[in-house]
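Next come the chains, spelled out residue by residue.
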Amino acid sequence: MAKQEVEIMDATTMQRSLTRITHEILEKNDGVEDLVLVGIRTRGIYLAERIARNIQKFEGKEVPVGELDITLYRDDQHFAEGIDPTLNQTNIPFSFEGKHVVLVDDVLYTARTIRAGMDAIMDVERPRRITVAVLIDRGHRELPIKADYVGKNIPTALSEQISVKLQEVDGEEKVSLIKGS
């Protein structure tokens, strides 16, 4: 069976979802007091920056945005002996001790990436609270972690994939469901 790609979200739908997520974050946090955003590499960073721009537009206040590389915290990626994993930069140029950290990623699937992100954050400082924002929740958890803010729930089969494309990385904006082998 050939792969079949079905577009689920276009640029406009993605922006609407991020606007809704932003409002939900502001409502749950009662504004921007002690709020910081941390995006998981790669696409989570750009989604976190978009949420921060929305907050600036709605509240007139800047919220710090950090970049998190969780490569060394993954428990499901094993590296061949003698080969070092490729590390990207973690850039969190602010303290989040006692703050509300919103961990942002593109797709929530097994929850191993989110768990790795939480571990990485807790190794640095102790936030007051960590919540999770994702553009897509596709189900199939292996760990008991859920997103607090979800753009769209897309139930998938294990054989299916979700592809998130962002202008900053891919030169286009869309979310697609990929069926087939």
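Residues numbered from 1 in each chain as written. Predicted model: local features only at pLDDT ≥ 70, side-chain atom pairs only at ≥ 80, totals over all residues. Heavy atoms only, no water.

- The chain has the name Bifunctional protein PyrR in an unreviewed UniProt entry, where Jeotgalibaca dankookensis is given as its organism.
- The UniProt entry for the chain carries the following comment under Subunit (unreviewed entry): "Homodimer and homohexamer; in equilibrium."
- Of the comments in the UniProt record for the chain, the one headed Sequence similarities (unreviewed entry) reads "Belongs to the purine/pyrimidine phosphoribosyltransferase family. PyrR subfamily." (UniProt positions renumbered as here; feature names shortened; annotations may be inferred.)

1. Concerning the sheet that holds strand S6 (residues 149–153)
Then, number 1: The sheet built from 5 strands is open, its strands ordered S3-S2-S4-S5-S6 with parallel pairing. Each of the sheet's edge strands pairs with one partner strand only, and the pair in question is strand S3 (65–68) and S6. Neighbouring strand axes in the sheet, compared pairwise and without regard to direction, differ in orientation by 25 degrees on average.
Then, number 2: Bridge count between strand S2 (residues 35–40) and S3: 4 bridges; the pairing is parallel. Across the sheet, residue Gly 39 finds its bridge partner in S3, namely Glu 67. (Pairing = 2+ DSSP bridges. Helix = DSSP H or I, 4+ residues; strand = E, 2+ residues; numbered from the N terminus. Axes fitted to C-alpha atoms, helices over the stretch in contact; angles between N-to-C directions.)

2. With respect to the packing of aromatic side chains
Then, number 1: Within this structure, the stated rule accounts for 0 aromatic pairs.
Then, number 2: The side chain of Arg 138 reaches across the aromatic face of Tyr 109, ending 3.9 Å from its centre. (Phe/Tyr/Trp six-rings, centres within 6.5 Å; stacked < 30°, edge-to-face > 60°. Lys NZ or Arg CZ within 6 Å of the ring centre and 35° of its normal.)

3. Description of helix H2 (residues 43–59)
Then, number 1: Under the 1.5 Å per step criterion, the end-to-end length of H2 is 24 Å for 17 residues, consistent within 8% with the ideal 24 Å.
Then, number 2: Along its buried surface, H2 packs onto helix H1 (11–29), S2, S3, strand S4 (100–108), strand S5 (129–137) and helix H4 (167–170).
Then, number 3: Residue Gly 60 follows H2 closely and has a positive phi angle near 70 degrees. (Expected span 1.5 Å × (residues − 1). Contact = heavy atoms within 4.5 Å.)

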